[in-house]
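# Structure assessment
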Amino acid sequence: MNFPLELLSFLRKAQRVAALTGAGVSQESGLSTFRDAQVGLWAQYRPEDLATPEAFARDPKLVWDWYALRREKARAAQPNPGHFALAEMEKRVPDFTLISQNVDGLHRRAGSVNVLELHGNLQRVKCSACGEQAAGWDESGPDVPSCPRCGGLFRPDVVWFGESLPRKELEAAIQAARTCDAFFSIGTSGLVQPAASLAYAAREQGALVVEINAEPTPLTETVDFFLPGKSGEILPALVKALW
Ligand code: OAD
């Protein structure tokens, strides 16, 4: 794979790099992206319709089961070469921040350490009433498990549409975008705010912006380099070309 020489020489010198990832990065691990056509059991639901507080209030069991299925799939999935390449980048770049919209935990499993999970993590649950995070929960019964402290229903500790992102993570992500030399947008459609605005914040302060995606997105025409294709192929090749 050939990369533009200006890109390689810039990245070799970069001191601060931030990368934003989306569901496309985990596609090669066998996990569905959000805006792919859904198949099978959940074909009749749009993920966006299940990822809201209103959906949970209406039918908690439906939402719980959908997340339980995703949790199982994420557990069974393995990080792919794209995840490993990002973990390698963190070792090579003096200041590297990985910002992910993914809730599957695959970046950490691939060895990334400095990861900001903007949309939470599927493997955690919290009480929908008191907000207490749960260390464990009983999934043996037919009902949605409930909080031993207040009796409220447990829900996945992920960010739903209409909810705020975790403040500390969002602030750190904005700070990384505002101070980086280079910003990567990888495997994300760039349609969901506020994550989508990070690339623009980086561009505004003069960072080099690089996009890796299977197809063009609304961001594409503004970036310095668009590398079309699969992140599981491009990222390892880029790391190899760089170091
Ligand atoms: P999307 O499903 O919107 O976008 C996935 C992107 O990855 C698309 O632009 C695909 O072209 C691209 N893609 C697919 N396979 C790829 C591959 N192997 N390599 C590179 N690119 C690939 O997913 P996100 O952008 O992550 O939010 O979605 C953002 C948010 O919307 C999610 O975090 C979730 C969702 O609703 C919440 O649940 C709050």
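The rules we used
Residues numbered from 1 in each chain as written. Predicted model: local features only at pLDDT ≥ 70, side-chain atom pairs only at ≥ 80, totals over all residues. Heavy atoms only, no water. Helix = DSSP H or I, 4+ residues; strand = E, 2+ residues; numbered from the N terminus. Rg over C-alpha atoms; globule rule 2.2 N^0.38 Å. Buried < 20%, exposed > 50% of the residue type's maximum accessible area, 1.4 Å probe, protein only. Contact = heavy atoms within 4.5 Å. Areas by Shrake-Rupley, 256 points an atom, 1.4 Å probe, with all protein chains shown as cover. Lys, Arg positive; Asp, Glu negative; His and termini not counted. Charge placed at Lys NZ, Arg CZ, Asp CG, Glu CD. Axes fitted to C-alpha atoms, helices over the stretch in contact; angles between N-to-C directions. Parallel < 35°, antiparallel > 145°, perpendicular 65-115°, else oblique. Near = heavy atom within 4 Å. Polar contact = N/O pair within 3.5 Å; in protein donor to acceptor, adjacent residues only side chain to side chain. Nonpolar A, V, L, I, M, F, W, Y, C, P; charged D, E, K, R; others polar. Salt bridge = Lys/Arg side-chain N within 4 Å of Asp/Glu carboxyl O. Domains from an automatic or database assignment. Buried area = accessible area lost by both parts, 1.4 Å probe.

Our focus in this paragraph is the overall build of the protein chain. When helices and strands are counted, the protein chain shows 10 helices and nine strands. What you see for the protein chain is a C-alpha radius of gyration of 19 Å, in line with the 18 Å of a compact globule of 243 residues. Overall size of the protein chain, expressed as C-alpha extent along the three principal axes, is 60 × 35 × 30 Å. Within the protein chain, the fraction of its 243 residues that count as buried is 50%. Considering only residue pairs separated by 6 or more positions, the protein chain has 67% of its internal contacts joining residues 24 or more positions apart. Accessible surface, the protein chain as shown: approximately 11900 Å² in total, 51% of it carbon and sulfur. A gap of 4 Å separates the mean positions of the 25 positive and 29 negative side-chain charges of the protein chain.

Below, the discussion takes up the packing of helix α1 (residues 5-13) against helix α10 (residues 231-242). At a minimum axis distance of 10 Å, the contact between α1 and α10 shows a crossing angle of 75°. Taken together, the axis directions place α1 and α10 in an arrangement best described as roughly perpendicular. Here Leu8, Leu11 and Arg12 of α1 lie close against α10, whose contacting residues are Leu238, Ala241 and Leu242.

Close to the ligand lie 22 residues; Gln27, Arg35, Thr188, Ser189 and Asn213 are nearest. At 3.5 Å, a backbone N or O of Gly24 approaches a nitrogen atom of the ligand. A distance of 2.9 Å is found between a nitrogen atom of the ligand and a backbone nitrogen or oxygen belonging to Ser231. Burial of the ligand by the protein chains amounts to 93% of its free accessible area of 790 Å². When its residues are assigned to classes, the shell around the ligand shows six nonpolar, 12 polar and four charged.

Per the counting criterion, the structure on display carries 11 salt bridges. Two residues, Arg92 and Glu88, come together in a salt bridge whose shortest N-O distance is 3.0 Å. With a gap of four residues between them, Arg92 and Glu88 both fall in helix α6 (residues 81-92), about one helical turn apart. Judged by relative accessible area, which is 43%, Arg92 ranks as partly exposed. The shortest N-O distance in the salt bridge between Lys126 and Asp157 comes to 3.7 Å. Placement of Lys126 in strand β4 (residues 120-127) and of Asp157 in strand β6 (residues 154-158) is noted, with a sequence separation of 31 residues between them. Take Asp157: its relative accessible area is 9%, and that puts it in the buried class. Here the salt bridges do not stand alone but share partners, grouping Arg124, Lys126 and Asp157 into one network.

Take the domain arrangement of the protein chain next. Annotation of the protein chain at the domain level lists domain 1 (1-31 + 79-119 + 165-243) and domain 2 (32-76 + 124-158). Here the C-alpha centre of domain 2 lies 28 Å away from the C-alpha centre of domain 1. Both faces combined, the contact of domain 1 with domain 2 buries some 840 Å², and carbon together with sulfur accounts for 59% of it. Sorting the residues of domain 1 by area buried against domain 2 places Ala23, Leu31 and Val103 first, and these three jointly supply 47% of that buried surface.

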